[in-house]
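Coordinate inspection notes
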Amino acid sequence: MATASLRIDLDAVLANWRALDAMTSAATETGAVVKANSYGLGAAQVARMLARHGVRKFFVAATEEGAAVRQALGEGPEIFVFSGHMAGDTEMVGDLALTPMLNSVEQVTRHLEALPGAPFGVQLDTGMNRLGMEAAEWQAVAPMVLGAGPKLIMSHLACSDEPAHPMNAQQLAAFRAMTDGMDVPRSLSATGGILLGPDYHFDVTRPGIGLYGGLPFTEAQSVATLSLPVVQIRDVPAGETVGYSNTWTAPRDSRIATVAAGYADGLTRRLSSVATLYHGATPCPLVGRVSMDLITVDVTDLTEVPRSLDILAPHQGIEALAELTGTIGYEILTSLGARYQRHYAGGQA
């Protein structure tokens, strides 16, 4: 069975990065979040391309991700690890010059004792109640930590995709109360925070989803095209059913394409009989159940036999596909399956 083709436009990633960078002043450095394998699109390829164009700060979720990005980039760029310095990570953190964002007194103790002099940052909790030290905890250790020379102090906004949400201003005030007067670079904003304006930019920003074509960056260029190969086409008379559980009955004599992708490739069953695929600009409805490896698509109205059909394309981006199933573009991207053949275009220095 043929495998699907996932085309990643590195020129679009770069254009999105440049657009977000242009929203901040020259005093603010724009990094890049490449966690979860650059949201499923290939951290090594994305990070190398951005580094060639001057990006010097990269952010990942876990130490193992940092190791992969370091292997791709070599020495030089900073790689910050959101989960901090976990037990068992010491050798990898030290050998690869990763910068863990220390989230607790326990992590501070582990890092400063195990790797004295090695780079680190600090993550503070300003109300999201997820990662980072709360105000009282931070106040207790701040003199010691600041004396050890952190590279960055950061926090994370919970509601930045809703500009009018009062939580944004609350977290901004809390972050300032916890960090004002400290001679350390600060970072509060990912993509949504950048869009909130200069008050939220500080010294470093961390765009993620906006690089890859997702909301809340409405002006982002589309990055991913997903083409699914047609394995077989059959004629289905009116009244016959297609797929598991007989959920779709042909209302007319139809031509049905069996297409090589399914929920094992990140196409959730919630797309059953609601998604649309495209042959060029022509929409073709997905009919019947999404199964593990296959979907079925009504191609009756096409004038030619398709070799493939697109489910991510200029006519349907990640957010449009997400809306069909009540999720977000992040989940669509990070669910893209390992069986897809990833192809990269653009991004040349």
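Look up a bit, the structure's there.
Read on for a plain summary of the structure. Since the structure is predicted, the reported quantities are computational estimates derived from the model, not experimental observations.

A full pass over the atoms with the stated rule returns five aromatic pairs. Measuring from centroid to centroid gives 4.9 Å for tyrosine 39 and tyrosine 212, while their planes differ by 40°, and the two rings are tilted. One end of the pair, tyrosine 39, is in helix 2 (residues 35–39); the other, tyrosine 212, is in the loop between strand 10 (204–205) and strand 11 (224–236), with 173 residues separating them in the sequence. Seen from their ring centres, phenylalanine 59 and phenylalanine 82 are 5.7 Å apart, and the 15° between their planes marks the pair as stacked. In this pair, phenylalanine 59 is assigned in strand 4 (residues 57–60) and phenylalanine 82 in the loop between strand 5 (78–81) and helix 5 (90–95), connecting sequence segments 23 residues apart. For phenylalanine 59, a relative accessible area of 0% puts it in the buried group. Residue phenylalanine 82 is classed as buried on the basis of its relative accessible area of 12%.

Another point: the nonpolar core. Leu50 and Leu228 are the most contacted members of the largest nonpolar core, which totals 70 residues. Beyond its immediate sequence surroundings of up to four residues, leucine 228 is in contact with Ala4, Val259, Ala261, Leu267, Leu277, Ile295, Arg307, Ser308, Leu309, Ile311 and Tyr340.

With that out of the way, let us pick up empty space enclosed by the protein. The final tally for this structure, using the stated rule, is one cavity of 30 Å³ or more. In this model, the largest cavity occupies a volume close to 30 Å³. Residue lining of the largest cavity: Gly266, Leu267, Thr268, Leu271, Leu321, Ile332 and Leu336, and that is the complete set. Per-class residue counts for the lining of the largest cavity are five nonpolar, two polar and no charged.

Okay, the side chain of threonine 205 next. Inspection of the secondary structure puts threonine 205 in strand 10. Judged by relative accessible area, which is 0%, threonine 205 ranks as buried. Among all residues touching threonine 205, those that are not within four sequence positions of it are Thr24, Thr28, Glu29, Thr30, Gly31, Phe59, Ser187, Ser189 and Ile194.

So, about the layout of surface pockets. In this structure, the largest pocket spans a volume of roughly 750 Å³. Of all the secondary-structure elements, those providing two or more residues to the lining of the largest pocket are helix 2, helix 9 (191–196) and helix 11 (329–334). Considering only residue class, the lining of the largest pocket consists of 19 nonpolar, eleven polar and six charged.

The strand order 3-4-5-6-7-8-9 describes an open sheet built from seven strands, whose pairing is parallel. If you trace the sheet from one side to the other, it starts and ends with strand 3 (32–33) and strand 9 (186–187), each paired once. One ladder, built from two bridges, connects strand 3 with strand 4; its direction is parallel. Bridge pairing in strand 4 places valine 33 opposite phenylalanine 59.

Leave glycine aside and you will find that most residues have negative phi; peptide bonds, for their part, are mostly trans. In this structure, the amide linkage connecting leucine 215 to the following residue, proline 216, adopts the cis form with an omega of 15°. You can see proline 216 is positioned in the loop between strand 10 and strand 11. Of note in this structure, asparagine 129 is not a glycine but carries a positive phi near 60°. Assignment of secondary structure puts asparagine 129 in the loop between strand 7 (121–123) and helix 7 (135–147). Looking at asparagine 129, the relative accessible area reads 59%, which means it is exposed. Phi at asparagine 246 is positive, roughly 55°, even though this residue is not glycine. The topology assignment puts asparagine 246 in the loop between strand 12 (241–242) and strand 13 (248–249).

What counts, and where the lines are drawn
- Residues numbered from 1 in each chain as written.
- Predicted model: local features only at pLDDT ≥ 70, side-chain atom pairs only at ≥ 80, totals over all residues.
- Heavy atoms only, no water.
- Phe/Tyr/Trp six-rings, centres within 6.5 Å; stacked < 30°, edge-to-face > 60°.
- Helix = DSSP H or I, 4+ residues; strand = E, 2+ residues; numbered from the N terminus.
- Buried < 20%, exposed > 50% of the residue type's maximum accessible area, 1.4 Å probe, protein only.
- Core = buried A, V, L, I, M, F, W, Y, C linked by side-chain atoms within 4.5 Å.
- Contact = heavy atoms within 4.5 Å.
- 1 Å grid on protein atoms, 1.4 Å probe; cavity = no way out; pocket = protein on both sides within 12 Å on 5 of 7 lines; lining within 4 Å.
- Points joined across faces, edges and corners; volume = space filled by probe spheres on them.
- Nonpolar A, V, L, I, M, F, W, Y, C, P; charged D, E, K, R; others polar.
- Pairing = 2+ DSSP bridges.

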